[in-house]
Amino acid sequence: MNPRNYWRSFEELDQSEEFRQFAADEFVHRIPAEADAASRRKFLRLMGASMALAGATACTKQPKETIVPYVRQPEEIVPGNPLFYATTVTEAGLGTGLLVESHEGRPTKIEGNPDHPASLGATSPQMQASVLNLYDPDRSQTVLHDGIFDTWERFTAAFSGARDLAGLKKGEGLRILTGTVTSPTLAAQLAEFLEMFPQAKWHQWDPCGRHSDYAGSVAAFGAPWNTIYHFERAARIASFDADFLDPASPGGLRSTRDYTGRRRDAAQDPSSEFPRLYIAESTPSITGGMAEHRFRMRSREVESFADKLMSGNGDPYASIMKDLNAHRGESIVIAGEYQIPRVHALAHAMNQALGNTGKTVVYTDRVEANPMDQTASLAALAADMRAGAVETLLILGGNPVYDAPADLDFVGALQQVKLRAHLGLYANETAEWCHWHLPEAHYLESWSDARAWDGTASIVQPLIAPIYNGKTSHELLNLLLNRTDLSAHDTVRGFWQTQNKGADFEDFWQISLHDGVVAGTTFPDKTPPAANVPPASAAQQTAGIEIVFRPDPAVGSGADSNNGWLQELPKPPNKMTWENAVWISQATAQRLAIDTGDVVELALNGRKLQGAVWVQAGQADESAAIHFGYGRKRAGRVANGIGFNAYSVRDSKALWHGAGAEVKRISRGYSFATTQYTQNMEERDPFRVATIEEFRARPGFAQPEGEGVPPPNLTMFPMWQYPKHKWGMSIDLTACTGCNACMVACQAENNIAVVGKEEVAKGRHMNWIRVDRYFSGPASEPEMYFQPVPCMHCEDALCELVCPVAATVHSGEGLNEMVYNRCVGTRYCSNNCPYKVRRFNFLLYSDWNTQSLWGVRNPDVTVRSRGVMEKCSYCIQRINAAKIKAEEQNRPVRDGEIVTACQQACPAEAIVFGDLNDPNSKVARRKRQQRDYGLLEELNTHPRTTYLARLRNPNPEIGGA
């Protein structure tokens, strides 16, 4: 196996003097002034005063909580026993089935619904974090009329008058703007509305919707079709800028589960064929990180790449096409949302030519209730508003004032409308320009329904009443339909009753609510006509830098901007938190004489913005990526004023990339908060990877060789025996995509606090599991790898040796445990941990004052105050719950019965936990694989968390493989 050089920054790759000093300093986040002796004496004096004050006031006190008992306890609620119920969340209109954990009637944790085809039990980071949005104190809490508190009754009276006036004109001048609608119930209401008001119009806009997917199917087939990819059947995949492993993308959870499942199976069976992924993209993505061959190019060059691949002439196109042809019927060609319609048409045509249609690629009807060109729809609405043709506009969700393309001047057009009403979770930028704003009910407190990417319908059901008396789109439509006495529940239930008129409807309804899936609603496969490929695009402008627009990897389009969990979630390619940046390549930065932290002015089509630069490894040359979701003014206290608004330079004629931008430096010295350099394992070999050929030649490649490597179980003392349980974890790096779902799941499960940008910059983020990112290879064409790192739960834990108060101890089942009541905050354990997986509460990070946030906390996990050490506990509360249940039933704990939060959320099923004393447990079988290895094994710590080394399958005919 060829030795690899792993690096995390250009400075580390170059071994610059700055990096060597950084690596040599044990306390890399110290305040610079502390370096000289005088400053250190001043620091000690201040600390002495602080300690005196601490002695006078004793330890930090937890606020007093009032416990109010039930007057009459509900029979179905047993304190301490959580309940789970099925519901559905929508992202870009598409539904994903969830199971929601509740404690005493309040939702506390999100899990995937294993019975739902879009989830299969997995979740995205955004889904995990959505429970925090429910309790957000910045949510809209009251009806506003011209910015002044008002009532629902007064709005009803005002809007009823406008409805009646519009009725006299058959709806002329009446408009409704929604996001993407897949809800069968809402679609039926909108159809009835248009029948009642035939001159009215329904428009749709979703800033990160499936615009190119829709336009591409129209270009290829003359009509909109829905494409479903079966990655579990594909041995070869060619991606044209498609980040299909992004769990927030349409069908992304299912795509990840299917794709990584095939990789895992092939890795365990050397005789089976390992899949191979090719991708052409401009901006590093998690899908690009999983690819055997990543072709770095500007977004506008992907069309040429697709054309050359289809012709199969020249390198590497001939080699790729030869590989695809050798796997006819078991390959996939997929175009990404960020590409123009013609690239999608090329992908459809290639799949037909390769015999993939009906096998790995199937087609159905569109799942949207009213498929349309949303960009054209929004442009038509803006034109009608400017022309004075719109008298009344009802905006159901969304934030077009913030996220509409800049050339449409939506806010200017909106001001020409006589009556404007907005329904939303927040009194956002659009609410500011509307006469009426109505608080919207969160999906966890709503009734509705939605279709998944394959057409499967499921019910959105609440557990609690709306906290702030929010309304749903169904109730607003009922107002237009003059049915104000009909609730959202009755509306949804009534729709499905019309679809199932048999005598067994009640059984059907209860089963649908229980299972989280409406049986028999998946769309059937259909055979499309022969794909047409439009003529090649006209030659595009080549001068200037290309601007690439992307949803932010954490906060997406901006709807989740005020979510602290997501703001503090590191972005996979660079581990940046709390803002966006202008990503450019090293070569482009050198040409422009700019560097990371420089603030630049970016001009495109006469519009400008300012943002700080991040020099990103893997970014295409002469291409700058900017992300949505920032530059907010009315998002809430968490997000206001962070970053820049990428929508301000977006054009409706070039939604995802535009050419001819100018970049000019304005200033220097901007500071980012990134987590990649906070926990370092310098001069180690933490990540291990090999090709399939190398693995077959040396199956034990993951095990270290040479001098200084102790043999297994080398010790002067006998190894401790664990007669009952011996817990352990295995993480498969061949499957892990680096999506970060495990991080947010751990945060939600374990009441982990948000610390803010300044504290993250000091290395004080509190996440109990991190996902390290490594590069390998040259700076111009690096490979990208991800590695989740929780506590290793070492058999010979170095942290336990140095704790003076025995706060970190070993349990009888092999867990490294923290006793908070003993911890006095010496941090010796953290200094002695070679894996740097321990976190210290420097400040009182947990918000004890905002009462609404109390509801999101898991009562099974202690909420820590300041001054104690924290770390991964293998979800000890889940271990104990399963043990108690098994003991009550007089049986042993079953394999798979205990599922940690990170394991449960993982779309790739990369994480497995269980009892190593059971030789047939899944985790024990994984650890017997030849790819199994432990981090820093040369230290003889015997970690309970081990890894399965990454396998790759490059094409030997392509250079660099």
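It should be emphasised that the depicted structure is a prediction, and the values quoted were computed from it without experimental measurement. (Residues numbered from 1 in each chain as written. Predicted model: local features only at pLDDT ≥ 70, side-chain atom pairs only at ≥ 80, totals over all residues. Heavy atoms only, no water.)

Peer 1: Explain the overall build of the chain here, please?
Peer 2: A tally of helices and strands in the chain yields 29 helices and 39 strands. Scored against the burial criterion, the 961 residues of the chain give a buried share of 58%. Counted over contacts in the chain with a minimum sequence separation of 6, partners at least 24 positions apart contribute 74%. When the accessible surface of the chain is split by element, carbon and sulfur atoms take 52% of a total near 38200 Å². (Helix = DSSP H or I, 4+ residues; strand = E, 2+ residues; numbered from the N terminus. Buried < 20%, exposed > 50% of the residue type's maximum accessible area, 1.4 Å probe, protein only. Contact = heavy atoms within 4.5 Å. Areas by Shrake-Rupley, 256 points an atom, 1.4 Å probe, with all protein chains shown as cover.)

Peer 1: Before we go on, may I ask you to explain the packing of aromatic side chains in this structure?
Peer 2: Two aromatic rings are characterised by how far apart their centres lie and by the angle between their planes. Applying the stated criterion across every chain, the model contains 30 aromatic pairs. Taking the centre distance of 6.1 Å and the plane angle of 35 degrees together, the rings of Tyr229 and Phe231 count as tilted. Take Tyr229: its relative accessible area is 16%, and that puts it in the buried class. A relative accessible area of 1% means that Phe231 is categorised as buried. An aromatic cluster of three or more residues is present, and its members are Tyr338, Tyr402, Phe549, Phe628, Tyr647 and Trp656. The lysine or arginine in question, Arg550, covers the ring of Tyr338, its NZ or CZ lying 3.8 Å from the ring centre. A cation over a ring is seen here: Arg944 above Tyr722, with NZ or CZ 4.7 Å from the ring centre. (Phe/Tyr/Trp six-rings, centres within 6.5 Å; stacked < 30°, edge-to-face > 60°. Lys NZ or Arg CZ within 6 Å of the ring centre and 35° of its normal.)

Peer 1: Just to check I follow, could you spell out the pattern of salt bridges for this structure?
Peer 2: Once the charged atoms of two side chains with opposite charge are near each other, the side chains can pair. All told, the structure shown has 54 salt bridges when counted by the stated rule. Taking the shortest distance from any N to any O, the salt bridge between Lys109 and Glu111 comes out at 3.1 Å. We classify Glu111 as buried; its relative accessible area is 2%. A salt bridge links Glu897 to Arg891; its shortest N-O distance comes to 2.7 Å. Taking the relative accessible area as the measure of exposure, Glu897 reaches 23% and is therefore partly exposed. Overall, the relative accessible area of 17% leaves Arg891 in the buried class. Each member of the salt-bridge network shares a partner with another, and the members are Lys109, Glu111, Glu749 and Arg878. (Salt bridge = Lys/Arg side-chain N within 4 Å of Asp/Glu carboxyl O.)

Peer 1: Looking at this structure, how should I read the pairing of strand β14 (residues 361-364)?
Peer 2: In the case of a regular strand, side chains alternate between the two sheet surfaces. Residues Val361 and Tyr363 line one face of β14 and the alternating positions Val362 and Thr364 line the opposite face, and both faces are buried. Relative to β14, strand β9 (residues 226-229) runs antiparallel, the two sharing four bridges. Along β14, the bridge assignment pairs Ile228 with Val362. (Pairing = 2+ DSSP bridges.)

Peer 1: Quick question: what am I supposed to make of helix α23 (residues 741-749) here?
Peer 2: Every α-helical turn comprises 3.6 residues, leaving residues that sit three or four positions apart pointing alike. With nine of its nine residues buried, α23 lies for the most part within the structure. Of the positions making up α23, those classed as buried are Ala741, Cys742, Met743, Val744, Ala745, Cys746, Gln747, Ala748 and Glu749. Backbone geometry just downstream of α23 places Asn751 in the positive-phi region, at approximately 55 degrees.

Peer 1: What is the right way to read the pairing of strand β26 (residues 657-667) from this model?
Peer 2: For strand β20 (residues 545-550) and β26, the ladder comprises three bridges, and the chain directions are antiparallel. Bridging from a neighbouring strand, Ile547 pairs with Gly658 of β26. Where strand β23 (residues 599-604) and β26 come together, five bridges link them in antiparallel fashion. Bridging from a neighbouring strand, Glu601 pairs with Lys664 of β26.

Peer 1: Teacher, can you tell me more about the sheet that holds strand β8 (residues 201-204) here?
Peer 2: Two pairing modes exist for strands in a sheet, parallel and antiparallel, and in both the strands are linked by backbone hydrogen bonds. Strand order in the open sheet made by the seven strands is β6-β5-β17-β16-β15-β7-β8, with mixed pairing throughout. Of all strands in the sheet, those bounded by a partner on one side alone are β6 (148-150) and β8. The mean angle between the axes of side-by-side strands here comes to 20 degrees, regardless of whether they run parallel or antiparallel. Of the pairings in the sheet, the one linking strand β5 (residues 143-145) to β6 comprises three bridges and is antiparallel in character. Counterpart to Val143 in the pairing with β6 is Asp150. Across the sheet, helix α17 (residues 473-480) touches β7 (174-178), β15 (392-396), β16 (419-424) and β17 (436-439), and the angle it forms with β15 is around 155 degrees. (Axes fitted to C-alpha atoms, helices over the stretch in contact; angles between N-to-C directions.)

Peer 1: Sorry if this is basic, but what is going on with the packing of helix α18 (residues 488-499) against helix α19 (residues 505-515) here?
Peer 2: Packed helix pairs are specified by the crossing angle of their axes together with the interaxial distance, meaning the distance between the axes. Running from N to C, α18 and α19 cross one another at 120 degrees; their axes reach a closest spacing of 11 Å. Compared by their axis directions, α18 and α19 come out oblique. Crossing hand, α18 versus α19: right-handed. Taken together, the residues of α19 that come into contact with α18 (itself represented by His489, Val492, Arg493, Trp496 and Gln497) are Phe505, Glu506, Phe508 and Trp509. The residue makeup of the contact of α18 with α19, split by class, is five nonpolar, two polar and two charged. (Parallel < 35°, antiparallel > 145°, perpendicular 65-115°, else oblique. Left-handed = near helix turned anticlockwise from the far one by under 90°. Nonpolar A, V, L, I, M, F, W, Y, C, P; charged D, E, K, R; others polar.)

Peer 1: Looking at this model, I keep getting lost on the state of the cysteines. Mind explaining?
Peer 2: Cysteine pairs can be linked by a disulfide, which is a covalent bond between their two sulfur atoms. Applying the stated criterion across every chain yields a total of zero disulfides. Distance from the sulfur of Cys791, which forms no disulfide, to the nearest cysteine sulfur (Cys872) is 5.6 Å. A relative accessible area of 6% means that Cys791 is categorised as buried. (Disulfide = S-S within 2.5 Å.)

Peer 1: Explain the sheet that holds strand β4 (residues 106-112) here, please?
Peer 2: Strand order in the open sheet formed by three strands is β2-β3-β4, with antiparallel pairing between adjacent strands. Each of the sheet's edge strands pairs with one partner strand only, and the pair in question is β2 (83-91) and β4. Neighbouring strand axes in the sheet, compared pairwise and without regard to direction, differ in orientation by 40 degrees on average. Taken together, the six bridges between strand β3 (residues 94-103) and β4 define a ladder with antiparallel strand orientation. By the bridge assignment for β4, Glu101 is matched with Lys109.

Peer 1: Honestly, helix α6 (residues 184-196) in this entry has me stumped. Any pointers?
Peer 2: In this model α6 runs 18 Å from its N-terminal to its C-terminal C-alpha over 13 residues, within 8% of the 18 Å that 1.5 Å per residue would give. Within the span of α6, buried status applies to Pro184, Thr185, Leu186, Ala187, Gln189, Leu190 and Phe193. Buried residues belonging to α6 abut β7, β8, β18 (448-451), α17 and α18. (Expected span 1.5 Å × (residues − 1).)

Peer 1: Before we go on, may I ask you to explain the environment of Asp932 in this structure?
Peer 2: Here Asp932 shows up in strand β37 (residues 932-933). Considered as a pair, Asp932 and Ala949 are 17 residues apart in the sequence and their alpha carbons are 6.5 Å apart. Every residue in contact with Asp932, bar those within four places of it in the chain, is listed here: Ala702, Gln703, Arg926, Lys927, Thr946, Tyr947 and Leu948. Within the local environment of Asp932, its side chain forms a polar contact with the side chain of Thr946, the two groups lying 2.7 Å apart. (Polar contact = N/O pair within 3.5 Å; in protein donor to acceptor, adjacent residues only side chain to side chain.)

Peer 1: What is the right way to look at the packing of helix α4 (residues 125-134) against α23 in this model?
Peer 2: With their axes 8 Å apart at the nearest point, α4 and α23 run at an angle of 20 degrees to one another. Taken together, the axes of α4 and α23 lie roughly parallel to each other. Note on packing geometry: the crossing formed by α4 with α23 is left-handed. Of the residues in α23, those in contact with Pro125, Gln128 and Ala129 of α4 are Ala741, Val744, Ala745 and Ala748.

Peer 1: Hey, could you run me through the side chain of Asn580 in this one?
Peer 2: Among the structural elements, Asn580 can be located in the loop between β21 (576-577) and β22 (582-584). Engagement of the side chain of Asn580 in a polar contact is seen with the backbone oxygen of His627, the distance being 3.0 Å. A polar side-chain atom of Asn580 sits 3.0 Å from the main-chain carbonyl oxygen of Phe644. Dropping the residues within four chain positions of it, Asn580 is found in contact with His627, Tyr630, Gly643, Phe644 and Phe672.

Peer 1: Looking at this structure, how should I read the environment of Asn325?
Peer 2: Position of Asn325 among the secondary structure elements: in helix α11 (residues 317-325). Note: C-alpha distance between Asn325 and Arg236 (89 residues apart in sequence) is 9.6 Å.

Peer 1: How do you make sense of the confidence of the model for the chain when you look at a structure like this?
Peer 2: Caution is warranted with low-pLDDT regions, since their predicted coordinates should not be read in detail. In this model, the chain carries an average pLDDT of 87, and 89% of its residues clear a pLDDT of 70 or more. In the model, residues 30-68 has pLDDT below 50 throughout and makes 14 contacts with residues more than four positions away in sequence or in other chains. (pLDDT = per-residue confidence, 0-100.)

Peer 1: What is the right way to read the side chain of Ser652 from this model?
Peer 2: Topologically, Ser652 is positioned in the loop between β25 (623-627) and β26. Looking at Ser652, the relative accessible area reads 17%, which means it is buried. Here Asp407 takes part through its side chain, which lies 2.6 Å from a polar atom of the side chain of Ser652. When residues no more than four places from it in sequence are discounted, the contact partners of Ser652 are Thr375, Pro405, Asp407 and Leu408.

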